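Chains, contacts and geometry: an overview
Next come the chains, spelled out residue by residue.
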Amino acid sequence: MKDFLVGVLGQGFIISIMVMGVYITNRFLNFPDLSIDGTFTLGASISAILISKGVSPMVSLVIAIIGGFLAGSITGLLNVKLKIKDILSGILVMIGLYSINLRIMGKANLPLLNERTIFTQGNNLITALVFVFIVALLFTIFFKTKMGYMIKGVGDNEKMIISLGIDTDKVKILALAFSNGLVALAGGLMAQYQGFSDINMGTGTIIIGLASIVIGQTLFRKVKFLRESTLIILGTIIYRMSISLSLIAGFNPSDLKLISCIIVVLALALGNKNIIFLNKKMSFNFTKPISSYDSTRV
Amino acid sequence: MLRLDNISKTFNENTANEMKLFKEFNLKVEEGEFVCVIGSNGAGKSTLLNLITGNIYSDKGKIYLDKEDITNKKEHERCKDISRIFQNPSMGTVPSMTIFENLSMAKNKGEKMGLSFLANKKDRKLFKERLERLNLGLENKLDTAVSQLSGGQRQSLALIMSTFTNPKLLLLDEHTAALDPKTSEIIMEITARIVEEKNLTALMVTHNIDHALKYGNRIIMLHRGNIVIDLEGNMKKDLNKEQLLGLFKDISDRSFFS
């Protein structure tokens with residue numbers, strides 16, 4: 001039982017850093033960014049290869065963030081400058097990163113068996129918690145700054161932000177860069193936590209992110225402390241728990257992607273107030289999305 | 001103040017749908033003028049505003065604002081000096097944010113949006129003062145999300161926001177057309193008061209002939225990309241509805257047979 005909880009929380013903390021990245025693009029910027037499937041692995045690959053070459057684990061994480069930052073900017077540039085549709089820009093970067101990640105690692109799977117990682121010393125859980133707490137704090141502070149408000153504003157009413165004299169193209173690129181930087185950081189942490197980097201570890205990242213966000217928004221709407229980041233972390237942990245429970249219940253690890261999808265579909269359907277037959281039977285208040293960000297907006 | 005020099009604009013060039021809307025179009029607006037722009041659909045009113053804000057670019061000609069050539073300036077750069085209010089009340093505000101947050105953004109218009117905090121509690125008093133003058137009770141709703149407000153309340157907020165930093169030019173794009181008649185009158189009153197108090201230069205596109213006659217100190221009528229009527233001062237004051245509608249009909253008839 002203890003191992004189960006430690007596993008859920010440790011992974012949950014790391015993944016919630018990734019989910020904050022998803023939150024920036026999907027909720028604030030209203031940009032369905034799929035490139036994160038590639039940047040999660042990118043962060044893992046960069047961190048793993050650097051550590052295996054003897055670079056300090058912390059430095060490898062910083063470089064992973066920079067890698068994610070660049071990948072996100074490319075998604076932004078494709079969309080803003082070349083006018084490629086948002087979803088397609090993300091897919092192009094995601095597919096392109098597959099080859100790049102293989103180049104970085106040199107092979108499909110890179111173990112970190114005897115290497116020193118940030119989790120080598122001290123308690124895994126506490127290390128992960130420290131990371132997620134710092135990121136959550138920065139995330140919350142950032143979205144109170146002018147730049148943070150511009151990102152939220154562009155997602156909600158771009159014309160209005162243009163009328164303030166702001167170059168919204170730059171805002172979009174910046175938001176995508178920040179988002180992918182966070183996702184790459186989470187990828188790097190995950191590689192160090194589980195002791196290997198794998199070319200397929202990022203597949204389905206977007207679904208995990210959306211599932212966690214929807215769960216968090218549905219269940220923890222009223223939390224005031226650190227607002228968005230708290231509901232993201234709690235949502236992610238509950239999501240991880242349901243996944244772990246389904247493994248205990250006897251599902252294969254290969255079934256997990258399908259289970260994730262079903263969780264997202266259920267959470268979206270329950271959160272949608274326009275589906276009448278669901279509403280009539282629901283006794284608890286699933287119907288109202290938090291603030292005015294519609295929980296069905298994906 | 002604002003000068004459009006020999007502006008030409010053709011849509012769908014070299015296709016069967018080619019439409020030459022503006023051909024060597026000229027307009028000069030002096031500082032402090034409040035110009036009402038009227039004309040039938042397709043006369044070029046919205047295109048005129050779009051050309052001024054940089055939403056679309058002209059094929060030929062130059063646009064000057066305050067003697068500065070803004071022809072090649074991008075939309076967001078021009079917006080630092082030009083404010084625009086749209087027909088759709090939700091265009092001028094960010095619905096998911098509170099009134100306080102929206103006003104805080106408007107207050108920072110034209111400034112660099114860096115990593116300093118946006119909301120400043122000290123501004124609350126200033127915002128309340130400005131909102132009180134609207135007489136809509138918005139001053140007690142500073143922390144309400146704008147999405148909860150009615151169309152009229154949003155449009156008044158948009159007006160306050162877009163004039164917060166005294167723009168050189170205020171563009172009103174049928175900004176009362178989506179509101180009910182009573183609210184529409186209230187918004188027009190507020191508009192006229194703000195324009196007068198701040199001594200703004202304004203260009204108002206409207207389909208409401210009564211508004212066009214009652215407000216502003218100059219009236220122009222566009223027809224197929226040309227200015228067909230341009231009256232100011234006492235000439236505008238003496239104009240009545242019948243005369244204007246007569247002129248309107250005249251022009252439509254003439255062009256119908258030509």
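Scoring rules and cut-offs
- Residues numbered from 1 in each chain as written.
- Chains lettered and ligands numbered in written order.
- Predicted model: local features only at pLDDT ≥ 70, side-chain atom pairs only at ≥ 80, totals over all residues.
- Heavy atoms only, no water.
- UniProt positions renumbered as here; feature names shortened; annotations may be inferred.
- Contact = heavy atoms within 4.5 Å.
- Buried area = accessible area lost by both parts, 1.4 Å probe.
- Polar contact = N/O pair within 3.5 Å; in protein donor to acceptor, adjacent residues only side chain to side chain.
- Helix = DSSP H or I, 4+ residues; strand = E, 2+ residues; numbered from the N terminus.
- Nonpolar A, V, L, I, M, F, W, Y, C, P; charged D, E, K, R; others polar.
- Axes fitted to C-alpha atoms, helices over the stretch in contact; angles between N-to-C directions.
- Parallel < 35°, antiparallel > 145°, perpendicular 65-115°, else oblique.
- Left-handed = near helix turned anticlockwise from the far one by under 90°.
- Pairing = 2+ DSSP bridges.
- Expected span 1.5 Å × (residues − 1).
- Buried < 20%, exposed > 50% of the residue type's maximum accessible area, 1.4 Å probe, protein only.

In the nomenclature of an unreviewed UniProt entry, chain B is known as ATP-binding cassette domain-containing protein of Tissierella simiarum. The annotation that UniProt attaches to chain B under Subcellular location (unreviewed entry) is "Cell membrane".

An unreviewed UniProt entry lists chain A under the name ABC transporter permease, with Tissierella simiarum as the source organism. One UniProt comment on chain A, placed under Subcellular location (unreviewed entry), says "Cell membrane".

Listed by partner, the interface residues are 23 residues for chain A and 30 residues for chain B. When residues of chain A are sorted by the area they lose upon contact with chain B, Lys146, Tyr149 and Lys159 of chain A head the list and together hold 28% of the total. Taken together, chain A and chain B are joined by eleven residue pairs in polar contact (both at pLDDT 80 or more). For the side of chain A that touches chain B, the secondary structure elements donating two or more residues are helix H5 (124-142), helix H6 (146-156) and helix H7 (158-163) of chain A. Per element, the largest residue contribution to the side of chain A that touches chain B is seven residues, and it comes from H6 of chain A. Residue composition of the side of chain A that touches chain B, grouped by class: eleven nonpolar, six polar and six charged.

Relative placement of two packed helices is described by the angle separating their axes and the distance separating the axes. Residues and elements named next belong to chain B. Following both chains from N to C, one finds helix H3 (residues 99-107) and helix H5 (residues 151-162) inclined at 30°, their axes separated by 9 Å at the closest point. Taken as axis vectors, H3 and H5 run roughly parallel relative to one another. Seen from above, H3 lies across H5 with right-handed handedness. For the pair H3 and H5, the contacting residues are Ile99, Asn102, Leu103 and Ala106 in the first and Leu157, Ile160 and Met161 in the second. Looking at the contact of H3 with H5 residue by residue, the classes come out as six nonpolar, one polar and no charged.

Glancing now at the UniProt feature "transmembrane region" (unreviewed entry) in chain A. All names here are of chain A. The UniProt record marks residues 6-25, 58-80, 87-105, 125-143, 173-193, 199-219, 231-251 and 257-278 with the feature "transmembrane region" (unreviewed entry), using the residue numbering of this structure. Between the first and last C-alpha atoms of residues 87-105 the distance is 27 Å; the span itself is 100% helix and 0% strand. Taken end to end, residues 173-193 is 100% helix and 0% strand, and its two terminal C-alpha atoms sit 30 Å from one another.

Turning to the UniProt feature "domain: ABC transporter" (unreviewed entry) in chain B, a few remarks are in order. The UniProt record annotates "domain: ABC transporter" (unreviewed entry) at residues 2-249 of chain B. Between the C-alpha atoms that bound residues 2-249 of chain B there is a distance of 30 Å. The span itself is 33% helix and 25% strand.

Okay, the sheet that holds strand S2 (residues 19-29) of chain B next. All names here are of chain B. If you trace the four strands from one edge of the open sheet to the other, you get S2-S1-S4-S5, paired in antiparallel fashion. The two strands at the open ends of the sheet, each matched to only one other strand, are S2 and strand S5 (68-69). As defined by bridge partners, strand S1 (residues 2-11) adjoins S2 across seven bridges and the pair is classed as antiparallel. Bridge pairing in S2 places Leu4 opposite Leu27.

Okay, the sheet that holds strand S8 (residues 201-205) of chain B next. All names here are of chain B. Taken together, six strands build an open sheet; the order of strands is S6-S7-S8-S3-S9-S10 and the sheet is mixed. Only two strands of the sheet have a single partner each, and these edge strands are strand S6 (82-85) and strand S10 (226-232). Neighbour-to-neighbour, the strand axes of the sheet open up by a mean angle of 15°, direction not taken into account. Examined bridge by bridge, strand S3 (residues 34-38) and strand S9 (residues 218-223) share four bridges and lie parallel to one another. Of the residues in S9, the one forming a bridge with Cys36 is Ile219.

The subject of this paragraph is the pairing of strand S4 (residues 60-65) of chain B. Residue and element names in this part refer to chain B. Of the strand pairs in this sheet, S1 and S4 are connected by five bridges, and their pairing is antiparallel. Bridge pairing in S4 places Ser8 opposite Lys60. Inspection of the sheet shows S4 paired to S5 by two bridges, in the antiparallel sense. Along S5, the bridge assignment pairs Tyr64 with Asp69. Linkage of S4 to S5, two consecutive antiparallel strands, is achieved through a turn of two residues, within which Asp66 is found at a positive phi near 55°.

With that settled, consider H5 of chain B. With twelve residues, H5 of chain B ought to run about 16 Å at 1.5 Å a step, and its terminal C-alpha atoms sit 16 Å apart, in line with that. The buried fraction of H5 of chain B is high, at eleven of twelve residues. Within H5 of chain B the residues assigned to the buried category are Gly152, Gln153, Arg154, Gln155, Ser156, Leu157, Ala158, Leu159, Ile160, Met161 and Ser162 of chain B. Looking at the buried positions of H5 of chain B, the neighbouring elements they touch are H7 of chain A together with S6, H3, helix H4 (123-132), strand S7 (169-173) and helix H6 (181-197) of chain B.

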